[in-house]
Protein chains: 2
Amino acid sequence: MSAPDAISESATDGEVKDPARQDALEDGQLKQSFVQEVEEALERGDDEEVQALAAPLHNADIADLIEQFAPQDRAALAAALGDQLDPEVLAEMDDEVREDLIDMLPPEQVAEVLGGLETDDAVAIVEDLDEADKQAVLRALEPDERAAIEEALGYPEESAGRLMQRDLIAVPQDWDVGRVIDYLRGAEPDALTDDFWEIYVVDARHHPIGTLRLSHLLRSPRTTPVAQIMEGEQTLVPVGMDQEEVALRFQKYGLISAAVVDASERLVGMITVDDILHIIQQEADEDIRRLSGAEEGGIHERTRDIVRQRLRWLVINLGTAVIASVVIGLFAGTIEQMVALAILMPIVASLGGNAATQTMTVTVRALATDELTSSNTRRTIIKEIRVAIINGLAIACLIGLGAALYFSMPLLGVVIAAAMLGNIFVAGLAGVLIPIALDRADVDPAISSSVFVTMTTDVMGFFMFLGLASIVLL
Amino acid sequence: MSAPDAISESATDGEVKDPARQDALEDGQLKQSFVQEVEEALERGDDEEVQALAAPLHNADIADLIEQFAPQDRAALAAALGDQLDPEVLAEMDDEVREDLIDMLPPEQVAEVLGGLETDDAVAIVEDLDEADKQAVLRALEPDERAAIEEALGYPEESAGRLMQRDLIAVPQDWDVGRVIDYLRGAEPDALTDDFWEIYVVDARHHPIGTLRLSHLLRSPRTTPVAQIMEGEQTLVPVGMDQEEVALRFQKYGLISAAVVDASERLVGMITVDDILHIIQQEADEDIRRLSGAEEGGIHERTRDIVRQRLRWLVINLGTAVIASVVIGLFAGTIEQMVALAILMPIVASLGGNAATQTMTVTVRALATDELTSSNTRRTIIKEIRVAIINGLAIACLIGLGAALYFSMPLLGVVIAAAMLGNIFVAGLAGVLIPIALDRADVDPAISSSVFVTMTTDVMGFFMFLGLASIVLL
């Protein structure tokens, strides 16, 4: 590493990181004691103290602070923070918390906040507003900002067009390093975005033809043509591309930024990796919650929204559970003659459900992360079938022996073992085939897979176990 | 945006992206037809054709190509690729696929590959090898590389020390912009890493005191002292910090790179955002799979490993299912007298399990992403209880009415409604309290929550429903 030789040439003392900020934080989280301090200051109406406490915090920490407060107190805190409430704070804030907060601010103030943000952050805030607020805010914006935001809103939700920022640095391919540096130095501070890591090289038609890493720019002599040090092979993102797709490209190619192009391949914007970090997290969380029937809602969601989202899935689950019960009902007579069946039947259904969930989860994520492709689908299905048979046999032996001994009925053991093997086999098939089928039908497998899968394993579990029992045991 | 004024000054024609690469890819994935072409060339033993086909591909795409192949054919493909098999390809590859591949290569060749990688990528490969291979490979390495890798392996798994790269640029605080640029230009190409986006400013004790964005460096006059344009407020990562924690910092503060410091706060390495992209994905996937009892294994895992991992959880689930059955057994007599109970009881358990999973999933992720903190735990619990009561009442009414009408037994409807309300309430409590309790006990809630939660809802569901029935109905 190059540091030592550089270091050896100097020897002055340095300051340490802001200690006040360290007092507020612990393991990267705001200390409870600190949050309480702020709460107390707020209750005393001591705005100065509130601002003094928040002063050393990073905008992301101030956003956290507001999220930590009870919903009804957040507006008061925001007001007390005064100038500490930087536009960036709102950009950093959890969507649901921000919506609540913005609902309480007058459109003019919201517009003022947006004015202080990059287009992509401003769009992220505006797109969540309800139509009336949205229009009011847009009217209150400066014409040029308004135009930029409205253009972005013209692109589909969660598309690259919504994510990209328009401020970027693009230079003609015939420039040399020196000219680029002079251009960057020459431009007045506000004319250029601060937040760029790569420079795009474009041709006369403004088509990006290469990417120039600042490190390469810095390390090359002034006379070097940019075309010579740019990376020619680059990933261009069409404005319409879905953000999940964009995130996958960033991961796959380890991108720091990517050029966004319109239908005619002209450079219209840039997406930077810091936005992608949130999207990867967000898309993964969506999948997890959807798989569990909790939908989008995070812990900041309003109670009534949580209720609405989850109840929908509970009702659907009630429907599938009733269907399973109907199957049981078909064998009411059998159960009356042998209550042991009623005692054992939930085991068959439960393990089938579990085995299916294991397979389904892996399949859904493999689809979401482009690991499961047309080239390896067949192999994956065969592998899952093999796993299902092995695990099915193992569990079948265990439960079969247990039941035979406990109820001292060898045949009962055989029946439940057979049903268990059958159901775990069905579970493995359903767990891999249903998500793939939904994906091929352009339905998000994360949303609907569990319903179909658990219904399959419940119904088949009860049917195979009770059906076999009624034939073999009675 | 600054592009237009820059553009207007030039007007020459530019090349487009490599068309050959586009032929191989579709929506960012390798076309099945392309993979087949390669397979056929490989079968013909036509290595030249294989290499010609792979030539236009990005290393990440070549890694994909190998993953697409059946495990038994991957070594042959790797051999046929020859020089196309860049060390980066292995770094980009899925862990499990890479392990299999490396098992087939001689230590010397592996060592040669590692030599071509940054320390962090090399470590990522070595740490997965079994002890014998690891030692063999280390012995085959150049002394300095070996030292660097062994030092990294000295840090705990999944810690910042394993992630960081040692190649970074650090400059003394008393330098000015011009001197930094001259230093970068002066150093011979190999002396510095290519892959840096920020420069660290250190004091005489080599403590990082600020971060210098290349864009700021480029846009400042040569005479500007670096101390004046560096970002003083910075996030330092201790070598021992867990990678999940590191990833959260990157997300929270939108970092591109972070300085890693040892116990004495000296700068020892740097972590760049491209590594973090993978970690966020990986940690989220781990949580999803663990929640479903599928553990770490992705679709590339070997069958026997998948079986082992999943079977463990199926056996545990068998245990909890048996416990639930024992509860049912307590009421065998009741069921014999009223078979309707056997028909209805799975509904109570199933919906309890679902409601619990919804709450549990949201809680587990909120814990994993630091959203659920000591400051808002109480509020979150209260909210979940409220949601549970509302959803419980709704589902209870539906099933109560349904059962009462279907079996024309009003009391049965009352019993199942009461049991359902009770179980969904229990589910809500268990879903939020169990993960929080496990987290406080430093157990990963994602791994063990589901077992406890579903057992609770099964047992309580059967107990409340059958218990109430035996009291009220008989």
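No experiment lies behind these values; they were computed from the predicted model shown. (Residues numbered from 1 in each chain as written. Chains lettered and ligands numbered in written order. Predicted model: local features only at pLDDT ≥ 70, side-chain atom pairs only at ≥ 80, totals over all residues. Heavy atoms only, no water.)

**Remarks on the relation of the copies chain B and chain A**
Copy one and copy two of the chain differ by a rotation about a common axis and a shift along it. Note on the identical chains: chain B maps onto chain A by a rotation of 180° and an axial translation of 0.0 Å, with an RMSD of 0.1 Å. What the superposition gives is, in effect, a two-fold axis relating one chain to the other. With an isologous cut-off of 70% or more, the 100% of interface residues of chain B that recur at the interface of chain A puts this contact in the isologous class. (Least-squares fit on C-alpha atoms with pLDDT ≥ 70 in both. Contact = heavy atoms within 4.5 Å.)

**Considerations on the pairing of strand β8 (residues 267–272) of chain A**
Residue and element names in this part refer to chain A. With 6 of its 6 residues buried, β8 lies for the most part within the structure. Summarising the sheet, strand β7 (residues 257–261) and β8 pair through 5 bridges and their orientation is antiparallel. Bridge pairing links S257 to T272 in β8. Taking the residues that link successive antiparallel strands as the turn, the β7-β8 hairpin has 5 residues, and the phi of E265 there is positive, at about 65°. (Buried < 20%, exposed > 50% of the residue type's maximum accessible area, 1.4 Å probe, protein only. Helix = DSSP H or I, 4+ residues; strand = E, 2+ residues; numbered from the N terminus. Pairing = 2+ DSSP bridges.)

**Considering the nonpolar core**
Among the nonpolar cores identified, the biggest contains 137 residues, and A:I66, A:I271, B:I66 and B:I271 are the most heavily contacted of them. Residue contacts for A:I66: discarding those within four places in its chain leaves A:R74, A:L77, A:L81, A:L85, A:V89, A:M93, A:V97 and A:L101. Core analysis: the next-biggest nonpolar cluster, separate from the first, contains 104 residues, A:A340, A:A349, B:I347 and B:V348 among them. (Core = buried A, V, L, I, M, F, W, Y, C linked by side-chain atoms within 4.5 Å.)

**Looking at the domain arrangement of chain A**
Residues and elements named next belong to chain A. As far as domains go, chain A holds domain 1 (14–163), domain 2 (170–291) and domain 3 (303–472). On a C-alpha basis, the centroid separation for the pair domain 1 and domain 2 is 27 Å. Taken together, the contacts link 9 residues of domain 1 with 17 residues of domain 2. Overall, the association of domain 1 and domain 2 removes approximately 920 Å² of surface from exposure, summing both partners, and the carbon and sulfur fraction of that is 51%. (Domains from an automatic or database assignment. Buried area = accessible area lost by both parts, 1.4 Å probe.)

**Brief notes about the sheet that holds strand β5 (residues 208–213) of chain A**
All names here are of chain A. Read from one edge to the other, the open sheet built from 3 strands follows the order β3-β4-β5, with strand pairing classed as mixed. What marks the edges here is a single partner per strand, and that holds for β3 (170–172) and β5. Within this sheet the neighbouring strands show an average axis-to-axis angle of 35°, counted without direction. (Axes fitted to C-alpha atoms, helices over the stretch in contact; angles between N-to-C directions.)

**So, the side chain of A:R74**
Secondary-structure assignment places A:R74 in helix α6 (residues 71–81). At 4.4 Å, A:D100 is the nearest oppositely charged side chain to A:R74, a buried residue that forms no salt bridge. Those residues in contact with A:R74 that sit more than four places away from it in its chain are A:I66, A:E67, A:F69, A:V97, A:D100, A:L101, A:H300 and B:R379. (Lys, Arg positive; Asp, Glu negative; His and termini not counted. Salt bridge = Lys/Arg side-chain N within 4 Å of Asp/Glu carboxyl O.)

**Some remarks on the sheet that holds strand β6 (residues 236–238) of chain B**
All names here are of chain B. The sheet built from 3 strands is open, its strands ordered β6-β7-β8 with mixed pairing. Strand pairing shows two members of the sheet lacking a second neighbour, β6 and β8 (267–272), which therefore form its edges. Strand-to-strand twist of the sheet, defined as the mean angle between neighbouring strand axes without regard to direction, takes the value 35°. Note: β6 against strand β7 (residues 257–261), 3 bridges, orientation parallel. Paired with V237 across the bridge in β7 is V260. Packing against the sheet, helix α17 (residues 243–253) makes contact with β6, β7 and β8, and its axis sits at approximately 70° to β8.

**Thoughts on the side chain of A:E371**
By the secondary structure assignment, A:E371 is in the loop between α21 (340–368) and α22 (377–406). Buried within the structure, A:E371 lacks any salt-bridge partner; B:R289 is the closest side chain of opposite charge, at an N-O distance of 4.5 Å. Setting aside residues no more than four positions away along its own chain, A:E371 makes contact with A:A366, A:N376, B:Q68, B:D94, B:I299 and B:H300.

**Considering a negative patch on the surface**
Residues A:E37, A:E40, A:E43 and A:D73 make up a contiguous surface patch of negative charge. The residue A:E40 is located in helix α3 (residues 32–43) in this model. (Patch = residues over 30% accessible without salt bridge, like charges linked within 9 Å, V, L, I, M, F, W, Y side chains within 5 Å. Areas by Shrake-Rupley, 256 points an atom, 1.4 Å probe, with all protein chains shown as cover. Charge placed at Lys NZ, Arg CZ, Asp CG, Glu CD.)

**Here we look at the packing of α21(A) against helix α21 (residues 340–368) of chain B**
The contact between α21(A) and α21(B) brings their axes to 10 Å, and the two run at 20°. With respect to their mutual orientation, α21(A) and α21(B) come out roughly parallel. In the crossing of α21(A) with α21(B), the sense of the turn from one axis to the other is right-handed. Mapping the contact onto sequence places A:A342, A:M345 and A:P346 in α21(A) and B:A342, B:M345 and B:P346 in α21(B). For the contact of α21(A) with α21(B), a count of residues per class yields 6 nonpolar, no polar and no charged. (Parallel < 35°, antiparallel > 145°, perpendicular 65-115°, else oblique. Left-handed = near helix turned anticlockwise from the far one by under 90°. Nonpolar A, V, L, I, M, F, W, Y, C, P; charged D, E, K, R; others polar.)

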